[in-house]
Amino acid sequence: MRLRNNPKAYEIMEENADLVILKPEEHKGHYHDIFEINQPLYIEIGMGKGDFIYQNALKHPENNYIGIEKFPSVLAAAINKINKNQSLPNLKLMHFDAIELENVFENGEIDHLFLNFSDPWPKKRHAKRRLTSSAFLDVYHRLLKKDGVIEFKTDNRGLFEYSLVSFSQYGMTLKGVWLDLHASDFEGNVMTEYEKKFSSKGQVIYRVEAQF
Ligand code: SAM
């Protein structure tokens, strides 16, 4: 997601310390302390402007949600958007790159992981950067609880095929595969910003649910 650099992004984060976890690594192993209720933890890596994670948190007060975004300006845009809605006790945001995940979460601390329209990194030499590469699956496997689930959506056919192979080579169970999500009978889909943009241009949306 490209946004003009917002020089006030860090200021916006600090002013919204009730929504943004400013020093995530200090909460490693104790995420239930930052939420009002100790309940399952759902995270989204690369949340963009946060529509998806916000709508999920609103729909499911029985779970806690954390949206992660590596670009400060994008996170600031998410904060501004969320602040126009009602605040939610079960939603927090964090700013860091997914390569830092193991400094931020303890093994077995996460119940469920969302990856939506992740950067495709099409060049072969960048394959390890894809958020569905085996290197990342190793990390998710440690951080997710036993039988943890990854939900992944994309409009990128190449990345989708790569991810299906990556999940199955890792030994994960493909619980469901959708080759055209919006033409399917799948119920309760929450659209992301990219999903709205691409589907309005007629692009097919792919979805997979994979379990360790
Ligand atoms: N998920 C949103 C959606 O579907 O509308 C945004 C999709 S956008 C293509 C990908 C987002 O993931 C960008 O905002 C990008 O900054 C973020 N991102 C990419 N790699 C990341 C990483 N390694 N760690 C955290 N965020 C990442």
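Residues numbered from 1 in each chain as written. Predicted model: local features only at pLDDT ≥ 70, side-chain atom pairs only at ≥ 80, totals over all residues. Heavy atoms only, no water.

Novice: Please explain the pairing of strand S5 (residues 110-116) as it appears in this structure.
Specialist: One face of the sheet, then the other: side chains in a regular strand alternate in exactly this way. The buried fraction of S5 amounts to six of the seven residues, a majority that puts the element mostly inside the structure. By the bridge criterion, four bridges tie strand S2 (residues 41-45) to S5 in an arrangement that is parallel. In the strand pairing of S5, Ile-43 is matched with Leu-113. Note that S5 and strand S6 (residues 144-154) share six bridges and pair parallel. What sits directly across from Phe-114, in S6, is Glu-151. Following the chain from S5 across helix H5 (residues 134-143) to the adjacent parallel S6, one finds a crossover that is right-handed. (Buried < 20%, exposed > 50% of the residue type's maximum accessible area, 1.4 Å probe, protein only. Helix = DSSP H or I, 4+ residues; strand = E, 2+ residues; numbered from the N terminus. Pairing = 2+ DSSP bridges. Right-handed = clockwise from strand over helix to strand, strands pointing away.)

Novice: Just checking my understanding: could you explain the pattern of salt bridges for this structure?
Specialist: A pair can form between side chains of opposite charge whenever their charged atoms are brought close. For the structure on display, the rule yields ten salt bridges. The closest approach of N and O atoms between Glu-193 and Lys-81, which form a salt bridge, is 3.5 Å. Within this pair, whereas Glu-193 is found in helix H7 (residues 193-200), its partner Lys-81 is found in helix H3 (residues 72-83), the two being separated by 112 residues in sequence. Take Glu-193: its relative accessible area is 15%, and that puts it in the buried class. Salt bridges sharing common partners tie together Asp-51, Lys-81, Glu-193 and Lys-196. (Salt bridge = Lys/Arg side-chain N within 4 Å of Asp/Glu carboxyl O.)

Novice: I would appreciate a short explanation of a nonpolar patch on the surface in the present structure.
Specialist: A cluster of nonpolar side chains, contributed by Leu-174, Val-177 and Leu-179, occupies part of the molecular surface with about 240 Å² of accessible area. For Leu-174, the location among the structural elements is in strand S7 (residues 173-178). The exposure class of Leu-174 is partly exposed, given its relative accessible area of 34%. (Patch = residues over 30% accessible without salt bridge, like charges linked within 9 Å, V, L, I, M, F, W, Y side chains within 5 Å. Areas by Shrake-Rupley, 256 points an atom, 1.4 Å probe, with all protein chains shown as cover.)

Novice: How should I be thinking about the nonpolar core in this particular structure?
Specialist: Ile-43, Ile-45, Ile-66, Leu-101, Phe-105, Tyr-140 and Ile-150 are the most contacted members of the largest nonpolar core, which has 36 residues in total. Listing elements by their share of this core, those giving two or more residues are S2, strand S3 (64-69), helix H4 (101-104), S5, H5, S6, helix H6 (157-169) and strand S8 (206-211). Here this core gets five residues from one element, more than from any other, and that element is H5. Excluding residues that lie within four positions of it along the chain, Leu-101 makes contacts with Ile-43, Ile-45, Ile-68, Phe-96, Val-139, Tyr-140 and Leu-143. Core analysis: the second largest hydrophobic core is formed by 22 residues, Met-13, Met-47, Phe-114 and Val-190 among them. (Core = buried A, V, L, I, M, F, W, Y, C linked by side-chain atoms within 4.5 Å. Contact = heavy atoms within 4.5 Å.)

Novice: Just checking my understanding: could you explain the environment of Lys-49 for this structure?
Specialist: Mapped onto the elements, Lys-49 comes out in the loop between S2 and helix H2 (51-59). On the basis of relative accessibility, which here comes to 27%, the residue Lys-49 falls in the partly exposed class. Counting along the chain gives 66 residues from Lys-49 to Leu-115, while the straight-line C-alpha distance between them is 14 Å.

Novice: Looking at this model, I keep getting lost on the packing of aromatic side chains. Mind explaining?
Specialist: For any pair of aromatic rings, the description consists of the separation of the ring centres together with the inter-plane angle of the planes. Per the stated rule, a full pass over the model turns up ten aromatic pairs. A centroid spacing of 5.3 Å and a plane angle of 50° characterise the contact between Tyr-42 and Tyr-65, whose relative ring orientation is tilted. With Tyr-42 in strand S2 and Tyr-65 in strand S3, this residue pair connects regions lying 23 residues apart in the sequence. When sorted by exposure, Tyr-42 lands in the same class as Tyr-65, which is buried. Considering the side-chain rings of Trp-178 and Phe-186, the 5.2 Å spacing of their centres and the 80° angle between planes classify their relative orientation as edge-to-face. In textbook terms, an aromatic cluster arises when at least three aromatic residues are bridged by ring pairs, as seen for Tyr-42, Phe-52, Tyr-65 and Phe-114. A cation over an aromatic ring shows up here: Lys-197 above the ring of Phe-198, its NZ or CZ 5.6 Å from the ring centre. (Phe/Tyr/Trp six-rings, centres within 6.5 Å; stacked < 30°, edge-to-face > 60°. Lys NZ or Arg CZ within 6 Å of the ring centre and 35° of its normal.)

Novice: Could you clarify how one ought to interpret the site of the ligand in this entry?
Specialist: Lining the immediate surroundings of the ligand are 18 residues, of which Gly-46, Glu-69, Ala-98, Thr-192 and Tyr-194 lie closest. At 3.3 Å from a nitrogen atom of the ligand is found a main-chain nitrogen or oxygen belonging to Lys-70. Tyr-194 has a polar backbone atom sitting 2.9 Å from an oxygen atom of the ligand. Here the ligand, which alone exposes 590 Å², has 96% of that area covered by the protein. In a pocket analysis with a 2 Å cut-off to the grid points, the ligand is assigned to the largest pocket. A breakdown of the residues in the shell around the ligand according to their chemical character gives eight nonpolar, four polar and six charged. (Near = heavy atom within 4 Å. Polar contact = N/O pair within 3.5 Å; in protein donor to acceptor, adjacent residues only side chain to side chain. 1 Å grid on protein atoms, 1.4 Å probe; cavity = no way out; pocket = protein on both sides within 12 Å on 5 of 7 lines; lining within 4 Å. Sits in = over half its atoms within 2 Å of the grid points. Nonpolar A, V, L, I, M, F, W, Y, C, P; charged D, E, K, R; others polar.)

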